[in-house]
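Coordinate inspection notes
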Amino acid sequence: MDLAVRLQSTEFLRIARHAEHPTAFSRQRKLPLPTLVALMLTGMRMSIQAELDVFFGHLQNRSQLVRAVSEQAFAQARAKLSLTAIPSLNDWLVVCAEQYGFVPRWCRLRLVAADASTMRFGLRASHVKRAALPDQILFGLFLPGAELMLAASLHSIEECGERQMLVQHLDRLSPDDLLLLDRGYPSRWLVSLLKHQRISFCMRVEKDGDGGFACVRDFLRSGLIEQVVTLRAPDRRDADDYECPREPQQVRLVRHVASNGKVRVLMTNLFDTRRFPASAFGDLYHRRWRIEEAFKRLKHRLNLEHVTGLSQQAVVQDVAAKIMCDNLQTLASLTAHEQAALREVDRINHAYAHTALKPLMPALLLGKQVAKRLREVLSLIAKQTYLHRENLSKPRKPKPKPHKYMAQKPC
């Protein structure tokens, strides 16, 4: 209900108006701002007209489709929606989730995983203004403990590397966060920048052959469990570009042997061995994998690469809406898990959560009285679980990515 109030607030109206349409959403139309955003947050996977008819059918609590708004009206309304509207709504949602205790801590630190994934949108050739490119990079900051996407952004493939994408999001982090990074991120300038901004980090740094830091290769040969080493100062150009200190940086290296026998080296600026023992870092780094699962869920469960428009504005809006849709489903699953008093090893099936919640989402997001129906849906979600097994490894077989160019969406 708080989200429904937020959608209808004057503050959200001010944020949601596109700069080129300062008086947008002032008149009472068939698709006002709260209804437009609620429609997008249901996770649009079918054709636009089919989604509209299903949405208004569910809103009127009818079993059949209802033709209330045309897809042309939807296109005109979403053109007046700013690119920051739904991301700002997601920021508000994450803050509320923290206030209600849905974001756990690890040694009093909030875990934040960062990674990027290649997107291949199902677009066709077009002559629209600011047409979107089919191949882009999606960068995200993810909260593994809560399974919530904190922030995300789209970038062209030629625009910049993943480290630069991370730098653009560092203002979302605080000294109370612990950043989890994979092997594509370590560099001397990034370590210097993170320490300068007082951001804690844990990143995997070993590389095959003679790649990577010399001190890491020496540490691997030493056989030690942990060691404090000093990295050389960043290059002058990197220090100037990223405004980080051009000084040598002390870091802590920790050895972790995975269940398959593979040796990993983790680099961190957490030096307190009593509060952060070396034995805890293996499980800590493993939590970073949840962002990989989130990308997979978004792509294959919510059809993230199936978009409802050909412009870059439409693509950015669709990506933001489906990310927030996934966050809403996560919070519903956490609530269902808590209310049903399930065991820790019982995990909610997110695919089923989407199916169960979608008929209720229109009324729920628009502030209708659906408390009884919501309790019933949460009860259903709590019954659809699977058993989580710790340290169960399922290596991926090397094969081409299954993401295909798609001109048609499911119906």
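Higher on the page you've got the structure.
Here is a short report on the structure shown in this document.

With that settled, consider the packing of aromatic side chains. In this description, a pair of aromatic rings is defined by centroid distance and the angle of the planes. Across all of its chains, the model carries four aromatic pairs by this definition. Here Trp 106 and Phe 276 contribute two aromatic rings whose centre-to-centre distance is 5.8 Å and whose plane-to-plane angle is 25°, an arrangement assigned as stacked. Remark: Phe 276 occurs in the loop between strand S8 (263-268) and helix H11 (281-286) and Trp 106 occurs in the loop between helix H6 (85-99) and strand S1 (110-120); sequence separation between them is 170 residues. Taken individually, Trp 106 and Phe 276 each receive the classification buried, so the pair is uniform in this respect. On the numbers, 3.7 Å between centres and 5° between planes, the contact of Trp 189 with Tyr 242 is stacked. Residue Trp 189 is located in helix H8 (residues 188-196), and its partner Tyr 242 is located in helix H10 (residues 236-242); the two are separated by 53 residues in the primary sequence. For the residue pair Trp 189 and Tyr 242, the accessibility class agrees, reading buried in each case. One aromatic cluster is present, formed by Trp 106, Phe 276 and Phe 281 through successive ring pairs.

Our focus in this paragraph is the state of the cysteines. Taken as a whole, this structure holds zero disulfides when the rule is applied. In this structure Cys 107 is a free cysteine whose sulfur lies 12 Å from that of Cys 202, the closest cysteine sulfur available.

We now examine the environment of Leu 365. Relative to the elements of secondary structure, Leu 365 occurs in helix H15 (residues 361-365). Leu 365 sits 23 residues away from Leu 342 along the chain, and the two C-alpha atoms are 27 Å apart. Excluding anything up to four places from it in sequence, Leu 365 contacts Leu 3, Ala 4, Leu 7, Ala 38, Leu 41 and Leu 328.

Attention now goes to the nonpolar core. Ranked by internal contacts, the top residues of the largest apolar core, which has 93 residues, are Phe 74, Leu 81, Leu 166, Leu 179 and Met 267. Counting residues in each nonpolar core, the second largest holds 33 residues, with Met 149, Ala 278, Phe 281 and Val 307 among its members.

Okay, the environment of Glu 147 next. Among the secondary structure elements, Glu 147 is positioned in the loop between strand S2 (135-143) and strand S3 (148-156). In this structure Glu 147 comes out as buried when scored by relative accessible area, which is 12%. Residues Glu 147 and Leu 52 lie 95 residues apart in sequence; the distance between their C-alpha atoms is 29 Å. Once residues within four sequence positions are removed from consideration, Glu 147 is found in contact with Phe 142, Arg 290, Arg 297, Asn 327 and Thr 330.

Next up on the list: the pattern of salt bridges. The full count for this structure, using the stated rule, is 25 salt bridges. The shortest N-O distance in the salt bridge between Arg 172 and Asp 91 comes to 2.6 Å. You can see Arg 172 sitting in the loop between helix H7 (162-168) and strand S4 (177-181) and its partner Asp 91 sitting in helix H6, a full 81 residues away along the chain. In this structure Asp 91 comes out as partly exposed when scored by relative accessible area, which is 28%. For Arg 237, the salt bridge goes to Asp 241, with nearest N and O atoms at 4.0 Å. With Arg 237 and Asp 241 both in helix H10, this residue pair falls four residues apart, about one helical turn. Neither Arg 237 nor Asp 241 differs from the other in exposure class; each is exposed. A single network of salt bridges, built from pairs that share partners, joins Glu 98, Arg 105, Arg 110 and Asp 177.

Definitions and limits used
Residues numbered from 1 in each chain as written. Predicted model: local features only at pLDDT ≥ 70, side-chain atom pairs only at ≥ 80, totals over all residues. Heavy atoms only, no water. Phe/Tyr/Trp six-rings, centres within 6.5 Å; stacked < 30°, edge-to-face > 60°. Helix = DSSP H or I, 4+ residues; strand = E, 2+ residues; numbered from the N terminus. Buried < 20%, exposed > 50% of the residue type's maximum accessible area, 1.4 Å probe, protein only. Disulfide = S-S within 2.5 Å. Contact = heavy atoms within 4.5 Å. Core = buried A, V, L, I, M, F, W, Y, C linked by side-chain atoms within 4.5 Å. Salt bridge = Lys/Arg side-chain N within 4 Å of Asp/Glu carboxyl O.

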